[in-house]
Amino acid sequence: AQSVTQLGSHVSVSEGALVLLRCNYSSSVPPYLFWYVQYPNQGLQLLLKYTSAATLVKGINGFEAEFKKSETSFHLTKPSAHMSDAAEYFCAVRSNYQLIWGAGTKLIIKP
Amino acid sequence: DSGVTQTPKHLITATGQRVTLRCSPRSGDLSVYWYQQSLDQGLQFLIQYYNGEERAKGNILERFSAQQFPDLHSELNLSSLELGDSALYFCASSVVASGSTDTQYFGPGTRLTVL
């Protein structure tokens, strides 16, 4: 069965600092991976997705993620955090018809 | 704005009652997915419909049911409500039925509170 683990339920960084949100997956088949963001009191918005075309995937709002098969990881990064990045981030893997979700990581930005 | 609409935005009801949540997918999308987001269970897939037919079931309780109508909007029916059903219910839509890289677009959700 496929699964997703997000390390750290909360991550706190200073404004302007590097953002690193960790996601590890478990899959017996080539995975299709997604990062979504959820702002307070809003729905989920797609940040980026891995479709096996390229291991480094660029998304919206300056975020990118690198697929590393050897580490079964798909960590999300952003070089410089902005206050508007404060939100909850979810990693997901596609399994047949559904998305299997990680528990989410709340990103806190310190001024 | 994802183009997926959900009504109502908030719903407060009592235990034992029945409610209906409504979802309109993005124009052109044939698949509708329902998810439940709660503090203790996180995000969980409930059910998927494609062009009016049930395509996949996840962790959906027997007290819950859904359907997709000819105009492609979908309704999620929750009955005999319990306190533990309080959650945020999301609808998502996508173009195809099962493309692995198919993107699901999410609505703003319906927050259900069962008192």
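Just above sits the structure.
K.L.:
Break down the overall build of chain A for me, with residues and values.
P.N.:
When its secondary structure is counted, chain A shows zero helices and 11 strands. In terms of overall dimensions, chain A is globule-like: its C-alpha atoms have a radius of gyration of 13 Å, near the 13 Å expected for 111 residues. Along the first, second and third principal axes, the C-alpha atoms of chain A reach 40 × 25 × 20 Å. Counting the 111 residues in chain A, one finds 44% classified as buried. If you take every contact in chain A between residues at least 6 apart in sequence, the share linking residues at least 24 apart comes to 55%. Charged side chains of chain A number 9 positive and 6 negative; the gap between the two group centres comes to 5 Å.

K.L.:
Tell me about the interface of chain B and chain A, and name the residues and values.
P.N.:
Listed as interface residues are 21 residues of chain B and, on the opposing side, 17 residues of chain A. The junction of chain B with chain A conceals about 1700 Å² of combined surface from both sides, 57% of it contributed by carbon and sulfur atoms. Taken together, the links from chain B to chain A amount to zero salt bridges. Taken together, chain B and chain A are joined by five residue pairs in polar contact (both at pLDDT 80 or more). Elements that contribute at least two residues to the side of chain B that touches chain A include exactly strand 4 (31–38), strand 5 (42–50), strand 6 (53–57) and strand 9 (87–94) of chain B. Here the side of chain B that touches chain A is composed, by residue class, of 10 nonpolar, nine polar and two charged.

K.L.:
Which residues make up the side chain of B:His73, and what values go with them?
P.N.:
All names here are of chain B. Mapped onto the elements of the fold, His73 is located in the loop between strand 7 (64–68) and strand 8 (74–78). In terms of polar contacts, His73 uses its side chain to reach the side chain of Asp71, at 2.7 Å. In terms of polar contacts, His73 uses its side chain to reach the side chain of Glu75, at 3.4 Å.

K.L.:
Residues and numbers for the pairing of strand 5 (residues 44–50) of chain A, please.
P.N.:
In the sheet, strand 4 (residues 33–38) of chain A pairs with strand 5 of chain A via six bridges, with the strands oriented antiparallel. Residue A:Val37 lies in a different strand from strand 5 of chain A, and its bridge partner there is A:Gln45.

K.L.:
Lay out the sheet that holds strand 8 of chain B with the relevant residues and their values.
P.N.:
Strand pairs in the sheet, formed through backbone hydrogen bonds, run parallel or antiparallel to each other. All names here are of chain B. The strand order across the open sheet formed by four strands is 1-3-8-7, and the pairing between neighbours is antiparallel. On the outer flanks of this sheet lie strand 1 (5–7) and strand 7, each paired with one strand and no other. In this sheet, neighbouring strand axes are inclined to one another by 15° on average, regardless of whether the strands run parallel or antiparallel. Pairing geometry for strand 7 and strand 8, over five bridges, is antiparallel. If you follow Phe64 over to strand 8, its bridge partner there is Leu78.

K.L.:
Which residues make up the sheet that holds strand 8 (residues 73–78) of chain A, and what are the values?
P.N.:
Residues and elements named next belong to chain A. What the five strands build is an open sheet, ordered 1-3-8-7-6; its pairing is antiparallel. Only two strands of the sheet have a single partner each, and these edge strands are strand 1 (3–7) and strand 6 (56–58). Averaged over all pairs of adjacent strands, the angle between strand axes in this sheet comes to 20°, irrespective of strand direction. Pairing between strand 1 and strand 3 (residues 19–26): five bridges, direction antiparallel. From the neighbouring strand, Leu7 faces strand 3, where its bridge partner is Arg22.

K.L.:
Break down the state of the cysteines for me, with residues and values.
P.N.:
Residues and elements named next belong to chain A. With the rule as written, the count across this model stands at two disulfides over all chains. What pairs with Cys23 in a disulfide is Cys91, and their sulfur atoms sit 2.0 Å apart. Its S-S torsion of about -60° marks the bond between Cys23 and Cys91 as left-handed, since a negative value means left-handed. Pair noted here: Cys23 is in strand 3 and Cys91 is in strand 9 (residues 87–95), with a separation of 68 residues, a long-range link. Residue Cys23 is classed as buried on the basis of its relative accessible area, which comes to 0%.

Procedures and definitions
- Position labels on residues start from 1 in each chain and follow its written sequence.
- To label them, take the chains in the order written and letter them from A, then take the ligands in the order written and number them from 1.
- Predicted model: local features are reported for residues with pLDDT of at least 70 only, side-chain atom pairs are reported and counted for 80 or more only, and whole-chain, interface and lining totals are derived from all residues.
- Working from all heavy atoms in the structure, the side-chain values ignore hydrogens and water.
- Going along the chain from the N terminus, every DSSP run of H or I of four or more residues is numbered as a helix, and every run of E of two or more is numbered as a strand.
- The globule rule used for comparison is 2.2 Å times the number of residues to the exponent 0.38, while the radius of gyration itself is calculated over C-alpha atoms.
- Any residue under 20% of the maximum accessible area for its type is buried, any over 50% is exposed, and the rest in between are partly exposed; the area is computed with a 1.4 Å probe on protein chains only.
- Every residue pair with non-hydrogen atoms within 4.5 Å of one another is taken to be in contact.
- Counted as positive: Lys and Arg. Counted as negative: Asp and Glu, with His and the chain ends omitted from the count.
- Taken as the charge centre is NZ of Lys, CZ of Arg, CG of Asp or CD of Glu, depending on the residue.
- Summed over both partners, buried area is the accessible surface (1.4 Å probe) that two parts give up on being assembled.
- Salt bridge, as used here, is a side-chain nitrogen of Lys or Arg placed within 4 Å of a carboxyl oxygen of Asp or Glu.
- Polar contacts, as used here, are pairs of N or O atoms within 3.5 Å; protein pairs need one atom able to donate a hydrogen and one able to accept it. Residues neighboring in sequence count only if both atoms are side-chain atoms.
- Here the nonpolar group is Ala, Val, Leu, Ile, Met, Phe, Trp, Tyr, Cys and Pro; Asp, Glu, Lys and Arg are the charged ones; every other residue, Gly included, is treated as polar.
- Paired strands are those between which DSSP finds at least two bridges.
- What counts as an axis is a line fitted to C-alpha atoms, over the stretch in contact for a helix, and the angles between N-to-C directions run from 0 to 180 degrees.
- Put simply, a disulfide is two cysteine sulfurs that come within 2.5 Å.

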